[in-house]
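Here's the letter readout for the chains.
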Amino acid sequence: MADYDLAIIGGGLNGVSMARDAAGRGLRVILLEQGDLGAGASAASPRLIHGDLAVLERRALLRVRAAWAERDIWLRTAPHLVRPTRFAVPSHSGERPPWLLRSWLLLYDRLAPSTGLPASATIDITHHPVGNALRRPFGAAFEYSGGVVDDSRLVVLNAVDAAERGADIRTGARCVRADRLDVWRLVAIDRGHRRVITAGALANASGAWTATVAETVLRLPLPDLGVSQISQIVVRRLFDTDHVYVFQNHDRRLIFASPYERDFTLIGTVTRPFKGDPAVVSATAADAAYLCDAANRYFRERVEPSDVVRTISGANAVIDPAGRRGARDGSMAFDRPRGQAPLITIFAGDITTARLRAERAVSKLTPFYPMSPRWTAQAALPGGDFAWTRFDAEVEGARERWRFLNEAQAQRLIAAYGSRLAAVLGDAKDRADLGQAFGPELTAAEVRYLMAKEWARFPDDILWRRSKLGLTMPPGDRDALAAFMAAAA
Ligand SMILES: Cc1cc2nc3c(=O)[nH]c(=O)nc-3n(C[C@H](O)[C@H](O)[C@H](O)COP(=O)(O)OP(=O)(O)OC[C@H]3O[C@@H](n4cnc5c(N)ncnc54)[C@H](O)[C@@H]3O)c2cc1C
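In what follows, the accompanying structure is described. Quantities reported herein were computed from a predicted structural model and do not represent experimental measurements.

### Quick notes on the nonpolar core
Counting 58 residues, the largest nonpolar core has L421, L442 and V447 as the members making the most contacts within it. Examining the composition of this core, we find that six residues originate from one element, helix α13 (residues 444-453), more than from any other. The contacts of L442, once residues within four sequence positions are left out, are Q436, A437, V447, I462, L463, L469, M473 and L481. Of all hydrophobic cores here, the second largest spans 44 residues; its members include L37, I49, V160 and A205.

Written out as structure tokens, the structure is:
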């Protein structure tokens, strides 16, 4: 018998979602990630949970309906990571006419299940907070309900759940060879050690590396795939509301600006074909200038490339190298030549539908293994076992229990750990009980938790993926954190 039922190459959102789904259905799963969980495209998503107007524009109504159903599942199962948010589309006659936007949103409402989120509406932005940050010419905007998700924590918490259901999650483990017999025989370099593993089925979920892994690791032909790069910029906070702004750019692309980590605004996205090593992808000066220009058409406060605090980029495999198809829809292929072990190839796709994509992919293995029924639509992610309407109450409860937390700190911690916060803070009575401090918010207690329970090994794993505290951490504290983690490891 093989060591595992399913081996997965890649610890991005597609890989961990499959690991969680399969482990919960009773399969013995191993996931191999060459670096850190979510270090690829999955931490560079637009972080939006929505039906996507661009998809509606392509008349992909079934996709929009599926996305809305998934939005409600995320709110139920990850109320800490996903915040319901109003999206605002300022209307003007230059691009899509107002009547067209309004009819799209009416269609949105028809496709969305009714779960307590407000329906779309027209707002007079001359008398609405949404208008405060905007330049004069805009009189009206259309609003609809979506969500914003912490993408990299979504990856990690899927992996935590998978591990708690029995999956073996190996970070720093690169799959270098996979031979297909009646089972798969894999060779991995696992934290410097060569390791041989056998698995009944294999999933190639290696994102931008999908074609390289197929060609050099599996040594199997794969249809031509392109690689696209997505980039976003982070600037100081440009508006006071919690809305996500959706702007129609002059090239008909939809550009969004969303609140980011309390004091910042995230503006995206720009997509372009990518060539090179996906591990070293970065936004170009032209990408930053394009996004600043798009924002400057709408916001009163100008942003220049010199105002960019950070750029966020990721690369991913796409069927259409121009970056349209494949990126949003995602792709999955299944094959099993007679007498040989099954292979699933899964890549791209938006965050909103990742759970569903994984469920469908794992279901391909139903003929080979006895599996329990689909389950992920009902089960909360770790720390998410409370109603999304109670987020503020959870924050309040945290402040009552740990009286040294201010409002902003409690919000960050509940958004990250939800009901598991006690496992991070324990019985601390004041901040000093949490040990050494790194920057204004991070403490030794949190670092230890992330190393013990969430596979954090290096400062960037914590500063940019388990949190975004890198935005406010002074360089000296970063060095102290590196020394602390090296000693703790
Ligand atoms: C062009 C583009 C457009 C996008 N559009 C959207 C959008 O419209 N909406 C939205 O929500 N999101 C969008 N996304 C982001 C979305 O989050 C990603 O599509 C999705 O997360 C892909 O996840 P993944 O797991 O396939 O890839 P990744 O997150 O890149 O994960 C792949 C992982 O495989 C690992 N790996 C590779 N080779 C090996 C090996 N040999 N051994 C072990 N591990 C290996 C890598 O280290 C990496 O961590 C877009 C992304 C891109 C790049």
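### Topic: empty space enclosed by the protein
Tallying each qualifying case throughout the model produces four cavities of 30 Å³ or more. Roughly 60 Å³ of volume is contained in the largest cavity. Lining of the largest cavity is provided by L405, Q409, R412, L413, L425, R431, L434, E441, T443 and E446. Considering every element that reaches the lining of the largest cavity, the biggest residue donor is helix α11 (residues 407-417), with three residues. For the lining of the largest cavity, the residue count by class is four nonpolar, two polar and four charged. Estimated volume of the second largest cavity: approximately 50 Å³. Every residue lining the second largest cavity is listed: R153, L157, V160, P382, G383, A416, Y417, R420, Y449 and E454. Every element with two or more residues in the lining of the second largest cavity is listed here: α6 (151-164) and α11. The greatest single-element share of the lining of the second largest cavity, amounting to three residues, is contributed by α6. Residue composition of the lining of the second largest cavity, by class: six nonpolar, one polar and three charged.

### Structural notes on the side chain of N249
In this structure, N249 sits in the loop between β12 (244-248) and β13 (254-260). Take N249: its relative accessible area is 2%, and that puts it in the buried class. In this view, N249 contacts E95, I255, Y290, A294 and R297; residues no more than four positions away in its chain are not counted.

### A closer look at the site of the ligand
Around the ligand, the surrounding shell holds 34 residues, and the nearest of these are N14, E33, A41, S42 and N316. Take I351: an N or O atom from its main chain is 2.9 Å from an oxygen atom of the ligand. Burial of the ligand by the protein chains amounts to 96% of its free accessible area of 1000 Å². Mapped by element, the contributors of at least two residues to the shell around the ligand are α1 (13-24), β2 (29-33), β8 (173-180), β11 (226-236) and β15 (310-318). The class makeup of the residues in the shell around the ligand is 15 nonpolar, 15 polar and four charged.

So, how was this worked out
Residues numbered from 1 in each chain as written. Predicted model: local features only at pLDDT ≥ 70, side-chain atom pairs only at ≥ 80, totals over all residues. Heavy atoms only, no water. Core = buried A, V, L, I, M, F, W, Y, C linked by side-chain atoms within 4.5 Å. Buried < 20%, exposed > 50% of the residue type's maximum accessible area, 1.4 Å probe, protein only. Helix = DSSP H or I, 4+ residues; strand = E, 2+ residues; numbered from the N terminus. Contact = heavy atoms within 4.5 Å. 1 Å grid on protein atoms, 1.4 Å probe; cavity = no way out; pocket = protein on both sides within 12 Å on 5 of 7 lines; lining within 4 Å. Points joined across faces, edges and corners; volume = space filled by probe spheres on them. Nonpolar A, V, L, I, M, F, W, Y, C, P; charged D, E, K, R; others polar. Near = heavy atom within 4 Å. Polar contact = N/O pair within 3.5 Å; in protein donor to acceptor, adjacent residues only side chain to side chain. Areas by Shrake-Rupley, 256 points an atom, 1.4 Å probe, with all protein chains shown as cover.

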